[in-house]
Amino acid sequence: EARLTDWGRLARSATGPQPAPELSASPPRQPGSFGWQLTAGVLAVALAAVIAVGLPGLLAKDPPPGGSPDATSPASPGVTGTASPGVTSTASPDPNSTASAGPGMQVVTFHGLSITVPASWQVAVGHRCGTHGNAVELPASVSQSCFPGNPVEFTRVRFVEGSLPLSPTEMDNASHTTVGGLAATRVQNYLAHPGSGYSSRAGIAFIVAELQASVHIMPAEGQTGQDVADSLTVNSVDAHGCRSRATDVNELPHAATSDRAGQAEALLPGQPVSVNICRYQDGWLEQGRILSGTTLQAFAAKLNAVPRGLSRPVEVEPLKCRGADGVGSVEGPVAGDSEAYRLEAHYPDGTPVVLVGRISACGDLGISNGARTGQRTPQLVMLLLNTIGASHGWPDKVIPVP
């Protein structure tokens, strides 16, 4: 009852009536390390909001001004990440390597680990009810209760935070390889972790420890999945202009991030032509998107309507946080409070405006360009969620702070 009450309050305040959610917790993002337990309201709102919006068109790609991103890679995946067993090179990838895909293809990048699949494939956060067809799934700690099952006629690609939970039996099929110049472990005939919804389906797993990321490829019946595996590589920048590793998202900016006029009046001042919006977990890229055109105009109008100031959570256990001025919680790098949003607005001339947003559990919450702040309201939460998603929860109750 409390869960539905919290869901109803948030949904009504942000988007109007929504279908009642059917809820369940998904498997941990990394077994053995996911442990943050905030108030019941945190998880209830997290579960409910993920369902309330349904994550429609979560990663629909808005082309940057002038057309599609530069298409320089081949239309078909190329062999880039399947060196012979025994190769353990740890050469660093090109620091300026930007993901790109040819016509009819798309590149999905997670923690710098990129995979190329047809543009028709769906991209989802967690298991989505109603996801039918080939799909790429990004991690989520909460999801809808109906798993997509085991549709053998479709291929599924599932990214996982950190290392996969490998048993000794599964390690018998492991070998050393490289992906994009980084040492990796390849596990053939890997079975998905029990409870994931794919526990009876074999596939190929790759673990790239340096990127704190793994990927599991479950091929359709009659396929090996090797063509998808061969497209794996490492990129420092994803196809949406988001760096795979960010160092400026650990706290909200306290000084103007650009010399552009109007930052003190508007979070997104003037008329930007595009915005790169990137979601990070402990500084690692989880998702990216480019906003432009009418989509950007609608986004900017809603963002600039967020009231000034920041917010502070209430009813959060003090020991969960690093302190009033700290960011994150003591639960480790995959804790929900390590999630952050970075927005970079580009203009026809002049320097871009950078914003950082935080909606989770500790410290100052909201969004800031360094000169203008915005409170962590339900409207801001839903705006970010609808635009770029979220993989964790957030506190139900917050109070404004100066």
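Everything below is about the structure printed above this text.
The structure reproduced in this document is the subject of the present report. None of these values were measured; they are calculated from a predicted model. (Residues numbered from 1 in each chain as written. Predicted model: local features only at pLDDT ≥ 70, side-chain atom pairs only at ≥ 80, totals over all residues. Heavy atoms only, no water.)

**What to know about unusual backbone geometry**
Item 1. Although it is not a glycine, H111 adopts a positive phi angle of roughly 60 degrees.
Item 2. By secondary structure assignment, the location of H111 is in the loop between β2 (105-110) and β3 (113-118).
Item 3. Taking relative accessible area as the criterion, H111 reaches 0% and is therefore assigned buried.
Item 4. One non-glycine residue, Q212, adopts positive backbone phi at about 50 degrees.
Item 5. The topology assignment puts Q212 in the loop between β10 (202-208) and β11 (213-218).
Item 6. Taking the relative accessible area as the measure of exposure, Q212 reaches 34% and is therefore partly exposed. (Helix = DSSP H or I, 4+ residues; strand = E, 2+ residues; numbered from the N terminus. Buried < 20%, exposed > 50% of the residue type's maximum accessible area, 1.4 Å probe, protein only.)

**What about helix α6 (residues 378-388)?**
Item 1. For α6, the buried fraction is high: 8 of the 11 residues fall into the buried class.
Item 2. For α6, the full list of buried residues reads L380, V381, M382, L383, L384, L385, T387 and I388.
Item 3. Backbone geometry just after α6 places G389 at a positive phi near 80 degrees.

**Examining the pairing of β3**
Item 1. Counting buried positions along β3 gives 5 out of 6 residues, so the element sits mostly inside the fold.
Item 2. If you look at the hairpin formed by β2 and β3, you'll find 2 residues sitting between the two strands, and H111 has a positive phi there, around 60 degrees.
Item 3. By the bridge criterion, 2 bridges tie β3 to strand β12 (residues 233-234) in an arrangement that is antiparallel. Bridged to S114 within β12 is T233. (Pairing = 2+ DSSP bridges.)

**Considering the state of the cysteines**
Item 1. Throughout the structure, instances matching the rule amount to 1 disulfide.
Item 2. Shown here is the disulfide that connects C242 with C278, its sulfur atoms set 2.0 Å apart. One disulfide, between C242 and C278, carries an S-S torsion of -85 degrees and so falls in the left-handed class. Taken as a pair, C242 in the loop between β12 and β13 (274-281) and C278 in strand β13 lie far apart in primary sequence, 36 residues in all.
Item 3. Residue C242 is classed as buried on the basis of its relative accessible area of 0%. (Disulfide = S-S within 2.5 Å.)

**Concerning the pattern of salt bridges**
Item 1. What the rule picks out here adds up to 4 salt bridges.
Item 2. Its salt-bridge partner being R342, residue D248 comes within 3.0 Å of it at the nearest N-O pair. Separated by 94 residues along the polypeptide, D248 in the loop between β12 and β13 and R342 in strand β16 (residues 339-346) bring together distant segments of the chain.
Item 3. Under the relative-accessibility criterion, D248 is labelled partly exposed at 35%.
Item 4. With a relative accessible area of 16%, R342 lands in the buried category.
Item 5. The shortest N-O distance in the salt bridge between E344 and R342 comes to 2.7 Å. In this pair, the class of E344 matches that of R342, namely buried.
Item 6. One salt-bridge network, in which partners are shared between bridges, spans D248, R342 and E344. (Salt bridge = Lys/Arg side-chain N within 4 Å of Asp/Glu carboxyl O.)

**Looking at the nonpolar core**
Item 1. Core analysis: the largest hydrophobic core is formed by 27 residues, its most contacted members being L268, F299, L303, L343 and L355.
Item 2. Contributing elements (two or more residues each) for this core: β13, α5 (293-304), β16, β17 (353-358) and α6.
Item 3. Element by element, the count of residues in this core is highest for α6, at 7 residues.
Item 4. Apart from residues lying up to four places away in sequence, F299 is in contact with L268, I277, L291, L343, L383 and T387.
Item 5. One finds I115, V117, V208 and A213 within the second-largest nonpolar core, a separate group that totals 26 residues. (Core = buried A, V, L, I, M, F, W, Y, C linked by side-chain atoms within 4.5 Å. Contact = heavy atoms within 4.5 Å.)

**Focus: the sheet that holds β13**
Item 1. What the 6 strands build is an open sheet, ordered β14-β13-β16-β17-β18-β19; its pairing is antiparallel. If you trace the sheet from one side to the other, it starts and ends with β14 (284-292) and β19 (373-374), each paired once.
Item 2. α6 rests against β13, β14, β16 and β18 (366-368) of the sheet, and its axis sits at about 90 degrees to β14. (Axes fitted to C-alpha atoms, helices over the stretch in contact; angles between N-to-C directions.)

In short, geometric facts, not functional conclusions.
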